[in-house]
Amino acid sequence: MEFKHKSVLLNECIENLNIRKKHIYVDGTLGGGGHSYEILKKLDGTGKLIGIDRDKVAIEASKNKLKEFSNFEAVHNNNANILSILDNLGISYVDGILLDLGVSSYQLDEASRGFSYMQDSRLDMRMNTDDKLSAYEVVNNYSEDRLSRIFFDYGEEKYSKSIAKNICIERKEKNITTTFELVDIIKKSMPKKALNEKQHPAKRVFQAIRIEVNEELTKLKQTVIDSIKALNDKGRLAIITFHSLEDKIVKHTYEEMEGRCTCPKDLPVCICNYISYGKIITKKPITSGEEELKENPRARSAKLRVFERIN
Ligand SMILES: C[S@@+](CC[C@H](N)C(=O)[O-])C[C@H]1O[C@@H](n2cnc3c(N)ncnc32)[C@H](O)[C@@H]1O
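About the criteria used
- The written sequence of each chain sets the order in which its residues are numbered from 1.
- Residue-level local features of this predicted model are given only where pLDDT is at least 70; pairs of side-chain atoms are given and counted only at 80 or more, and the full residue set underlies all totals for whole chains, interfaces and linings.
- Heavy atoms throughout the structure, all of them, feed into the side-chain values; hydrogens and water do not.
- The rule for a residue being near a molecule or strand is that one of its heavy atoms must lie within 4 Å of it.
- Polar contact criterion, stated in full: a pair of N or O atoms within 3.5 Å, where within protein one must be able to donate a hydrogen and the other to accept it, and residues adjacent in sequence count only if both atoms are side-chain atoms.
- Only the protein chains shown count as cover for residues, with accessible areas throughout obtained via the Shrake-Rupley method and a probe of 1.4 Å.
- When residues are grouped by polarity, Ala, Val, Leu, Ile, Met, Phe, Trp, Tyr, Cys and Pro land in nonpolar, Asp, Glu, Lys and Arg in charged, and all others, Gly among them, in polar.
- Buried residues are those whose accessible area, probed at 1.4 Å on protein chains only, stays under 20% of the maximum for their type, while exposed residues exceed 50% and partly exposed ones sit between those limits.
- Working definition: helices are DSSP H or I runs of at least four residues, strands are E runs of at least two. Numbering for both runs from the N terminus.
- As used here, the arc is the angular range of directions from the helix axis to the C-beta atoms.
- Residue contacts are defined here by distance: any two heavy atoms, one from each residue, within 4.5 Å place the two residues in contact.
- An automatic or database domain assignment supplies the residue ranges for each domain.
- As used here, buried area is the combined drop in accessible area, with a 1.4 Å probe, of two parts when they are placed together.
- A pair is scored as a salt bridge if a Lys or Arg side-chain nitrogen falls within 4 Å of a carboxyl oxygen belonging to Asp or Glu.
- Comment: axis = line fitted to C-alpha atoms, over the contacting stretch for helices; angle = value between 0 and 180 degrees taken between N-to-C directions.
- Angle categories are assigned with fixed cut-offs, so that under 35 degrees is roughly parallel, over 145 is roughly antiparallel, 65 to 115 is roughly perpendicular, and the rest are oblique.
- Handedness of a crossing is defined here by the sense of rotation of the near helix relative to the far one, left-handed for an anticlockwise turn of less than a right angle and right-handed for a clockwise turn.
- Without a salt bridge and with relative accessible area above 30%, a residue can belong to a patch; like charges are then joined within 9 Å and nonpolar side chains (Val, Leu, Ile, Met, Phe, Trp, Tyr) within 5 Å.
- When DSSP finds at least two bridges between two strands, those strands are taken to pair.

Turning our attention to the site of the ligand. The ligand sits among 25 residues. The nearest are Ser7, His35, Asp53, Asn79 and Asp100. Gly34 places a polar main-chain atom, nitrogen or oxygen, 3.2 Å from an oxygen atom of the ligand. About the coverage of the ligand: the protein hides 96% of its 610 Å² of free accessible area. Among the residues making up the shell around the ligand, the classes are represented as 5 nonpolar, 15 polar and 5 charged.

Have a look at this one:
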């Protein structure tokens, strides 16, 4: 299957990364290489771009798309390991990092990856197919209570309890192996009126399982901290999020890294010794304009936040 993905907030990312020739950049979520292509064009044959993705298909697709650029290097790894990845490449600091979080359209559309509630396939949802934990293990092995919490916390699913309960009843008979089996159980666990809502009834549960399988939230805070620490003076970190929990983590971690004096107002000098790693560039997140939204409905929930390192 062809690797199809339309890059979100492309111009906004490139502008805010302040790409300078002869400098080093990281695209921590390579995907189809759409953002990377524009970064490499700006570098104009100078400097270097390191592209990271945990999905081998994305690595191969972007290597192919970017083969004309000799200053591009692809790394199959988790961006949570950014510091060790750079260390292995002999690089101490970089001048910009992009994280375009979540899944690519390719991953969602390719039935065999088991991400989609619209196509029947074995339950999987692993971005890295070498990982042990898949949606199949989550659905068949997690306790009712844990499933219910995941559906509620990561999917904001109102019917989390009854869906978790029905999963546990069904799997006593036989393991739940396919996406459509799971969709049926989800539908059976909801009142009729919920089935007529605009959003597909399985959307929230599928999102929640995907987040769990790929540890999308648990490692995010440390990834943001490590990415900021990996930046040179004036280097920028640009992060696009697609749901509110991710965005909250990015926003709060930026605030912590910006640092703030916590001394009482009447103290003549600061004694709290707060550490600041830089400043937040986007006081409010950047979102897609009408034109982009018309062409790419996936951009609807995208939020871009940018942080600049000051040494
Ligand atoms: C939204 S797509 C990126 C699309 C890309 N910016 C483009 O323009 O083509 C997200 C990509 O990041 C990868 N990804 C998500 N989380 C990751 C992580 N923690 N480490 C490495 N790659 C990750 C996914 O496998 C997916 O290919």
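Moving on, we get to helix H9 (residues 179-188). Every buried residue belonging to H9 is among Thr179, Leu182, Val183, Ile185 and Ile186, and all of these are buried. Axial view of H9: buried residues confined to an arc of 165°, hence all on one face. Along its buried surface, H9 packs onto helix H6 (135-141), helix H8 (160-173) and helix H11 (203-213).

Once that is clear, we can look at the domain arrangement of the protein. Taken domain by domain, the protein comprises domain 1 (10-102 + 217-309) and domain 2 (114-213). For domain 1 versus domain 2, the separation of C-alpha centres amounts to 31 Å. Counting residues at the interface gives 10 residues for domain 1, matched by 10 residues for domain 2. For the pairing of domain 1 and domain 2, the buried interface totals around 860 Å² over both sides, and the portion due to carbon and sulfur atoms is 50%. The largest per-residue losses of area from domain 1 upon contact with domain 2 belong to Arg54, Leu217 and His243, which jointly make up 47% of the total buried on that side. The interface formed by domain 1 and domain 2 contains 1 salt bridge.

Moving on to the packing of helix H7 (residues 144-155) against H8. Where H7 contacts H8, the two axes come as close as 8 Å, and the packing angle between them is 140°. For the element pair H7 / H8, the angle class is oblique. By crossing handedness, the relation of H7 to H8 is classed as right-handed. Between H7 and H8, the contacting residues are Glu144, Leu147, Ser148, Phe151 and Phe152 on the first element and Ser160, Lys161, Ile163, Ala164, Lys165, Ile167, Cys168 and Arg171 on the second.

The next point concerns the pattern of salt bridges. Applying the stated criterion to the full structure yields 21 salt bridges. Ionic pairing is found between Asp130 and Lys56, a salt bridge with its closest N-O pair at 3.0 Å. One end of the pair, Asp130, is in the loop between helix H5 (105-109) and H6; the other, Lys56, is in helix H3 (residues 56-65), with 74 residues separating them in the sequence. As a salt-bridge pair, Asp247 and Lys303 come within 4.0 Å of each other at their nearest N and O atoms. Here Asp247 is found in helix H13 (residues 244-258), whereas its partner Lys303 is found in strand E7 (residues 303-309), with 56 residues between them in sequence. Residue class for Lys303 comes out partly exposed when judged on its relative accessible area of 31%. Each of Asp247, Lys303 and Arg305 takes part in salt bridges that share partners, so that together they form one network.

To continue, consider a nonpolar patch on the surface. Taken together, the side chains of Leu267, Val269 and Ile271 present a nonpolar region at the surface, about 280 Å² in accessible area. Within the fold, Leu267 resides in the loop between H13 and strand E6 (278-280). Overall, the relative accessible area of 33% leaves Leu267 in the partly exposed class.

Pairing is mixed across the open sheet formed by 7 strands, whose spatial order is E3-E2-E1-E4-E5-E7-E6. At either margin of the open sheet sits one strand with a lone partner, and together these are strand E3 (72-76) and E6. Put simply, the sheet's adjacent strands are angled 15° from each other on average, direction ignored. Here E6 runs beside E7; their pairing, made up of 3 bridges, is antiparallel. If you follow Gly278 over to E7, its bridge partner there is Arg309. Contacts between H3 and the sheet are confined to strand E2 (48-53) and E3, with E3 contributing the most and set at about 170° to the helix.

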